[in-house]
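Residues per chain are reported as follows:
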Amino acid sequence: MECEKVADEALQGDKLDVLYGEADSAARSRVGAHLELCGACREELQALRGLRRDLGRWRLPLARPSFTPRGFVVPHWLAAAALVLLAMGATLGVSGYLSLRRALASQEARASLLEQRQRESLGAIEASLTRTPGSATAAQALVARFEAGLDERLKFSEQQQAERLDRHFASWQERAEVRRRVDMAQVAASLSYLDGRHGEQLARTNELMGYVLQASEKR
Amino acid sequence: MGRSDEELVGACQAGEASAFDLLVGRWEDRIRGAAYRFLGSEDEARDVAQEAFLKAYRGLSGFKQEARFSSWLYQIATNLCRDRLRRRKTRPQVSLEALEETGPVIVEMRPGAHERLLERDLAEAVRRAIHSLPEEQREVVILKEYQELTFLEIAQALDVPISTVKTRLYRGLVQLRLRLETEGVRGSAALPVPAR
């Protein structure tokens, strides 16, 4: 028994859609209508469902973690070479570590000895300082005496300068007074010269000169 | 709710490298499973899965998301499997796993051992039947039956029309039924051989 529409690819496609649950309602209707009339296709669909159950018997072995995220594919030969290198590195690493330990121990001993010597030198310096306790006090007293002498010298100098200024000021006042008297005498002589020529003008001039003299005396 | 593949791909393309870890975690088992069914070797399947993710990671910047990420990933893995199968033809090899599966089996007959033996024989018959299919049919059967991809996803992964996918699948199923019948597996009724 064979389906009359076995060459109908669309119908065969619809049957597969139905078999795998991907058919829309239209495809289901078309297949359903065909299956009502076609015994061959009914048997075929039933057989395919049984086949799918059989195919489900082939299961995967238990999965092992495989992919290293963002890693790279490591060939077997490369992995073996890496293991050999790792073993060599480990051997060299152990011997190197022991050698390094010995070198570090020796260096540590030398550093310890040097530190001990430095501590001794420091102790000697501290002891020498503690044996002369008055030295600092004497220096302070010397500085105090020096400062006192300096102050005394400064005060003396200031006093001398003040006295010298006073003398200079007094001399300047004396010379100014002499000069003022000379000037007034010359003015008086000039006034006497003009005395008989202008009577009223002379009286006026004398009056003005009186003011000038008063003003000069005030200054 | 976790991010979709498309969101994770977008995040990867934007520089969030950790998003790719999520994609790997989501698809690693399925890609490795498909590769195992294509190649029949667990070690090779693991290598293929690694290579597939590596290729995907490197090519992610150029992935335009016109197809689903899973389809693209299956396409990469399928091509890698094809390459390995071609190399096998030029350099025939026998895997230890194949020897183990086809070699003599000594089973202690404890309770249930007989059933387990039958189950194992049936599984082995299915495996042999699938591997006897032409490569094009085998790919479609595996992607549909075991990876449960839709017809559209398979079409994208194999870069063929959906109608081609269905034709290859139908022919593959028919061949499988015939092969299993000759092996003595009687899980279903006989199928007619379709007209070519």
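Conventions used here
- Residues numbered from 1 in each chain as written.
- Chains lettered and ligands numbered in written order.
- Predicted model: local features only at pLDDT ≥ 70, side-chain atom pairs only at ≥ 80, totals over all residues.
- Helix = DSSP H or I, 4+ residues; strand = E, 2+ residues; numbered from the N terminus.
- Buried ≥ 20, exposed ≤ 12 C-beta atoms within 10 Å, placed from the backbone.
- Contact = placed C-beta atoms within 7 Å.
- Axes fitted to C-alpha atoms, helices over the stretch in contact; angles between N-to-C directions.
- Parallel < 35°, antiparallel > 145°, perpendicular 65-115°, else oblique.
- Nonpolar A, V, L, I, M, F, W, Y, C, P; charged D, E, K, R; others polar.
- pLDDT = per-residue confidence, 0-100.

With respect to the overall build of chain A
Stage number 1. Each helix and strand in chain A was counted, giving six helices and zero strands.
Stage number 2. Listing every helix and strand of chain A by position from the N terminus yields α-α-α-α-α-α.
Stage number 3. Among the 219 residues that make up chain A, the fraction classed as buried is 7%.
Stage number 4. Looking at chain A alone, contacts between residues at least 24 apart form 36% of all its contacts between residues at least 6 apart.

Regarding the packing of helix H7 (residues 135–146) of chain B against helix H9 (residues 162–183) of chain B
All names here are of chain B.
Stage number 1. At a minimum axis separation of 8 Å, H7 and H9 run at an interaxial angle of 95°. Accordingly, the angle class assigned to the pair H7 and H9 is roughly perpendicular. Where H7 abuts H9, its residues Glu 136, Gln 137, Arg 138, Val 140, Val 141 and Lys 144 lie against Val 165, Arg 168, Leu 169, Arg 171, Gly 172, Gln 175 and Leu 176.
Stage number 2. Across the contact of H7 with H9, the residue classes tally to five nonpolar, three polar and five charged.

Some points on the interface of chain B and chain A
Stage number 1. Taken together, the contact between chain B and chain A spans 44 residues of the former and 33 residues of the latter.
Stage number 2. Residue assignment for the side of chain B that touches chain A shows that the elements contributing at least two residues are helix H2 (18–39), helix H3 (42–59), helix H6 (113–131), H7 and H9 of chain B.
Stage number 3. Ranked by residue count, the leading element in the side of chain B that touches chain A is H3 of chain B, at nine residues.
Stage number 4. Of the residues that constitute the side of chain B that touches chain A, the class distribution is 24 nonpolar, six polar and 14 charged.

A short note on the confidence of the model for chain A
All names here are of chain A.
Stage number 1. Confidence in the prediction for chain A averages 79 pLDDT; 84% of positions are at 70 or higher.
Stage number 2. The least confident element of chain A is helix H6 (residues 199–218), whose mean pLDDT is 76; the most confident is helix H2 (residues 25–37), at 92.
Stage number 3. With pLDDT under 50 throughout, residues 67–71 is counted as low confidence; its partners more than four residues away or in other chains account for ten contacts.

Some remarks on unusual backbone geometry
Residues and elements named next belong to chain B.
Stage number 1. Positive phi outside glycine occurs at Glu 148, with the angle close to 55°.
Stage number 2. With respect to the element layout, Glu 148 can be found in the loop between H7 and helix H8 (151–158).
Stage number 3. Take Glu 148: there are 10 C-beta atoms within 10 Å of it, and that puts it in the exposed class.
Stage number 4. With phi around 60°, Asp 159 is a residue other than glycine that occupies positive phi space.
Stage number 5. Residue position: Asp 159 is located in the loop between H8 and H9.
Stage number 6. Asp 159 sits in the exposed class, given 12 other C-beta atoms within 10 Å.

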